[in-house]
Amino acid sequence: MTYLLDTNTLIEAKNRYYRMAVCPAYWRWIQRCQHRGVLVSIEPVGAELQRGHDELAQWAKTQDGLFLPVADAATQQAFAQVAEHVVSQSAKMKPGALEAFFDGADPWLIAKAMTLAGAVIVTHEQFNPELRRKYTIPNVAKAFGVTCIDTFELLSRTEARFVLEH
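Residue indices begin from 1 for each chain and proceed along its sequence in written order. Totals for whole chains, interfaces and linings use all residues, but because this is a predicted model, local features are given only for residues with pLDDT of at least 70 and pairs of side-chain atoms are given and counted only at 80 or more. Side-chain numbers come from the whole structure's heavy atoms, not from hydrogens or water.

Tallying secondary structure elements over the protein gives nine helices and five strands in all. Helix and strand assignments come from DSSP, with helices taken as H or I runs of at least 4 residues and strands as E runs of at least 2, each series counted from the N terminus. Mapped in sequence order, the helices and strands of the protein form the string β-α-α-β-α-α-β-α-α-α-β-α-β-α. Relative to the 2.2 N^0.38 estimate, which gives 15 Å for 166 residues, the radius of gyration of the protein is 16 Å and therefore close to what a compact globule would have. The C-alpha extent of the protein, read off along each of the three principal axes, is 60 × 30 × 30 Å. Here the term buried applies to any residue with accessible area under 20% of the maximum for its type, exposed to any over 50%, and partly exposed to those in between, with areas from a 1.4 Å probe on protein chains only. By the burial criterion, 45% of the 166 residues in the protein qualify as buried. Should any heavy atoms of two residues lie within 4.5 Å, those residues are counted as being in contact. The long-range share in the protein, meaning contacts at least 24 apart out of those at least 6 apart in sequence, stands at 76%. Per-residue accessibility takes into account occlusion by the displayed protein chains alone, with areas from the Shrake-Rupley method and a 1.4 Å probe. Working note: accessible area of the protein is about 9000 Å², and carbon and sulfur atoms make up 51% of it. All radius of gyration figures rest on C-alpha atoms, and the globule criterion is 2.2 Å times the number of residues raised to 0.38.

Okay, structure coming up:
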């Protein structure tokens, strides 16, 4: 199974519970999972992170292989399906929601998940079919049968352990 990281999972980890100086094991765990082919993200997520001016931006710049390209034909075709679906829902959404959704990495993350057999998106966004102010990854991904989980479910599924040595 392949897990795809959303931007918010990395930013939230860095800002709150897995700060780089406090829990470096978390960041090494991401690298190990990526090298085993279990955990990846996409270039647009990497680009969002690298726009920052902090330690996460610097870290993202050094993660060879973590951020998959989205220029391949399969992802481009899946993106077209995502775009068609989102546009078909736009009359129900708040003005500007469509543009905001296409302005970020989210549609590409869903499209990439659609191209990887059994891929699961890791995001802190929640499924809420009544939400009208913005498109969320879980709401859109559900239309394509793509599962979404949060970081803590990812840690559980992968049996991650961050243990202090004596």
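In an α-helix there are 3.6 residues to a turn, and that puts residues three or four apart on one side. How far a helix is expected to stretch is found by multiplying one less than its residue total by 1.5 Å. With twelve residues, helix H2 (residues 24–35) should cover 16 Å at 1.5 Å per step; its first-to-last C-alpha distance of 17 Å lies within 8% of that length. Considered for burial, the residues of H2 that qualify are Tyr26, Trp27, Trp29, Ile30, Cys33 and Gln34. Seen from one end, H2 has its buried residues packed into an arc of 155 degrees, which puts them on one side. Of the exposed residues in H2, the ones pointing more than 90 degrees away from its buried face are Arg32 and His35. As for H2, its buried residues are in contact with strand E1 (3–5), helix H1 (7–15), strand E2 (39–42), helix H4 (55–61) and helix H9 (151–157). Note: the arc covers the axis-to-C-beta directions of the helix.

On to the sheet that holds strand E3 (residues 67–68), then. The pairing of strands in a sheet happens through backbone hydrogen bonds and is either parallel or antiparallel. Only strands joined by at least two bridges in the DSSP assignment are considered to pair. The five strands are arranged E3-E2-E1-E4-E5 in an open sheet whose pairing can be described as parallel. Of all strands in the sheet, those with a lone pairing partner are E3 and strand E5 (147–149), marking the two edges. The sheet contact formed by strand E4 (residues 120–122) and E5 spans three bridges and is parallel. When the bridges of E5 are listed, Val122 appears paired with Ile149. Its contacts with the sheet put helix H7 (residues 106–115) on E1, E2, E3 and E4, and the angle it makes with E1 is roughly 170 degrees. Here the axes come from fitting lines to C-alpha atoms, over the contacting stretch only for helices, and the angles between their N-to-C directions go from 0 to 180 degrees.

Tracing the sequence through the fold places Thr151 in helix H9. Beyond its immediate sequence surroundings of up to four residues, Thr151 is in contact with Thr9, Tyr17, Tyr18, Tyr26, Val122 and His124.

Moving on: the packing of aromatic side chains. Stacked, edge-to-face and tilted are the three classes for Phe, Tyr and Trp ring pairs, Trp counted by its six-membered ring, which pair at centre distances within 6.5 Å; planes under 30 degrees apart are stacked, over 60 edge-to-face, the rest tilted. On inspection of all chains with the given rule, the structure shows 13 aromatic pairs. By way of ring pairs, the aromatic residues Tyr17, Tyr18, Tyr26, Trp27, Trp29, Trp59, Phe152 and Phe162 are connected into one cluster. Counted as over-ring charges are cases with an Arg CZ or a Lys NZ within 6 Å of the ring centre that also lie within 35 degrees of the ring normal. Taking the ring centre of Phe127 as reference, the NZ or CZ of Lys142 above it sits at 5.4 Å.

Turning next to the environment of Gly96. Following the sequence through the fold, Gly96 ends up in the loop between helix H5 (73–89) and helix H6 (97–102). For the pair Gly96 and Lys134, spaced 38 residues apart in sequence, the C-alpha to C-alpha distance is 8.3 Å.

Within a regular strand, the side chains alternate between the two sheet faces. Here E2 shows two buried faces, one formed by Leu39 and Ser41 and the other by Val40 and Ile42. One ladder, built from two bridges, connects E1 with E2; its direction is parallel. Of the residues in E2, the one forming a bridge with Leu4 is Val40. Judged from the two bridges that link them, E2 and E3 form a sheet pairing that is parallel. Each residue of the ladder has a partner; that of Ser41, found in E3, is Phe67.

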